[in-house]
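Remarks on the overall topology
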Amino acid sequence: MATTIAAPAPARVGGNSNTAFNDKGKPMEVRLSNMTAAKAISDAVRTSLGPKGMDKMIQTSKGEVIITNDGATILQSIQALHPAAKMLVDLSVAQDIEAGDGTTSVVVLAGSLLGAAEKMLGKGMHPTIIAEAFIKASQKAVEYLNEISMPIDLKDHASLLRAASTSLNSKIVSQYSSTLAPIAVNAVTRLATATSSNVDLRDVRIVKKVGGTIEDTELVDNGVVLNQNVVVAGGGPTRMEKAKIGLIQFQLSAPKPDMDNTVIVNDYRQMDKVIKEERQYILNLCKKIKKTGCNVLLIQKSILRDAVNELSLNFLSRLKIVVVKDVERDEIDFLSKSLGCKPVADIESFTEDKLGSAELFDEVSKAGARVVKITGVKNMGRTVSILAMGGNSLVLEENERSLHDALCVVRCLVKKRALIGGGGAPEIHVSRMLSQYAHSLKGMEQYCFQAYADALEVIPTTLAENAGLNPIAIVTELRNRHALGERNAGINVRTGLISNILDENVVQPLLVSTSALELATETVGLLLKIDDYVQAR
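Described in the following lines is the structure provided in the data block. (Residues numbered from 1 in each chain as written. Predicted model: local features only at pLDDT ≥ 70, side-chain atom pairs only at ≥ 80, totals over all residues. Heavy atoms only, no water.)

1. Considerations on helix α3 (residues 83–98)
Here α3 is 16 residues long and its end C-alpha atoms lie 22 Å apart, about the 22 Å a rise of 1.5 Å per residue gives. For α3, the secondary structure elements touched by its buried residues are α1 (26–46), α2 (71–77), α4 (103–122), α11 (393–415) and α16 (510–528). Downstream of α3 by a residue or two, Gly100 has a phi angle that is positive, lying close to 85°. (Helix = DSSP H or I, 4+ residues; strand = E, 2+ residues; numbered from the N terminus. Expected span 1.5 Å × (residues − 1). Contact = heavy atoms within 4.5 Å.)

Here you go:
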């Protein structure tokens, strides 16, 4: 609940009298237009904040339906035409890259700060003064957040689980957080070392299969799951123990010249010769592959010609080689890193040292979906495979998005090893501290700090609104508790009361809140400094 302060008599700032800044005409219109557009975007996602937030149903241009309450997904689907609205979409993407969670909070915060800036512009303050004061206030706010944060150790499994569960509680799949949170924590802790300052989430591969329920989602121990299925057209095997895995980037079919050409055959003997040559060429390829001891063959997808044809599949099945085709180009790096096999682009360089080894390669049926699992991989690289399941594509997509957010939360704790409470507690704390600090300042800056502090209350207010509580009563009570020294008092949306949020296990990484504050403030400062809008031809 923002408190408005009457504008004082113009104070002396920097030695010369700063009369009310009266920006006539176009610059003010441009600013107000930008703010209105940005606040409209902020209001659109505001109802999705928190565990009791609403979900959005999005219909894509292809007619597909997405149901989600993930801020970044919603905003990327919105066709924002106004440039200022696009800036808020970019803001949520930046938060998604930096922290991975808090994509809704950051946009709601930016909308609230813009509302505060708009009031001050109306009082005649110069936009540059407001923008600079806001940046200073955000730096101070980050200091206060650092003060109340609790350092953690990556070996403290329980704290990591609490943070991942809090992230999942605001998602559609919240009832499955007991299944998904341990998966996210185990995946990231396998990749992180005691000294690592970041984790590359490209080393975590989520393979989606429609079938079963979200509870069937699993982390594959010391192994890899493939998106593709085994080719059974040639009658080859689908299971192989003591697998020797080869990864090839050439095709097992008749070669084609670069240019289109036509060969006219006017004699049956010539026809036989062509077919015989093709058989011999493909047979030689297959024999060379078998000679290296390879018994599982992964073949990269080819757009120029067929990666395999019926003839080569027939030969490979006779040689007892399992075939998986259509491996995407962007999967090659992951597979070669995981399985320890090197991608080979030419049959002459296909040798035994290029192969990877695993105890078992098997295509299993799980909850109605066929899944290829490679387990017991020798010398496995630092990668993790997660098999995500869901009853239909809508649930499956949301499952993947929620898992991604949980993985990002644990990654944040690797980057910055500190936790803070959730439930609006840190925002109210920072708001109180900034209000107190504002009293020690003079002139315009004092007003800007006070407005910034009031704007931060949008998070607890929105949490209370979305949970169907009385926001004024809740936020007033919350302020009162914090004034009495209860730093960790926050909104418990399940009971509708104020309680110690750490006892409820509602925690979030420090990085999520600090990056949200910094990014939102930077975006608001950027919007305030724009005074004209020119369309380039």
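From this point, the discussion proceeds with the structure in view.
2. What to know about α1
Helix length check: α1 (21 residues) gives 30 Å between terminal C-alpha atoms against 30 Å at 1.5 Å per residue, within 8%. Looking only at α1, the buried set comprises Pro27, Met28, Val30, Arg31, Asn34, Met35, Ala37, Ala38, Ile41, Ser42 and Val45. Residues of α1 that are buried make contact with α2, α3, α4, α5 (127–148) and α16. (Buried < 20%, exposed > 50% of the residue type's maximum accessible area, 1.4 Å probe, protein only.)

3. A few points about the sheet that holds strand β6 (residues 204–210)
Sheet architecture is open: three strands sit in the order β6-β15-β7, paired in mixed fashion. At either end of the open sheet lies a strand with only one pairing partner, and these are β6 and β7 (218–219). Two strands pair when backbone bridges link them, and β7 and strand β15 (residues 384–390) are joined in this way by two bridges, in the antiparallel orientation. For Glu218, the partnering residue across the bridge sits in β15 and is Leu387. (Pairing = 2+ DSSP bridges.)

4. Side note on the pairing of strand β8 (residues 223–226)
Burial along β8 is two-sided: the residues Gly223 and Val225 and Val224 and Leu226 are all buried. Sheet topology places β8 next to strand β14 (residues 369–377); four bridges connect them, and they run antiparallel. Paired with Val224 across the strands is Ile374, a residue of β14.

5. Looking at the packing of helix α6 (residues 157–169) against α11
One can describe the packing of α6 onto α11 by two numbers: an axis separation of 9 Å at closest approach and a directional angle of 145°. Along this stretch, α6 crosses α11, giving a crossing that reads as right-handed. Only Ser402, Asp405, Ala406, Val409, Val410 and Leu413 of α11 make contact with α6, whose side of the interface consists of Leu160, Ala163, Ala164, Ser167 and Leu168. Taken together, the residues of the contact of α6 with α11 break down into eight nonpolar, two polar and one charged. (Axes fitted to C-alpha atoms, helices over the stretch in contact; angles between N-to-C directions. Left-handed = near helix turned anticlockwise from the far one by under 90°. Nonpolar A, V, L, I, M, F, W, Y, C, P; charged D, E, K, R; others polar.)

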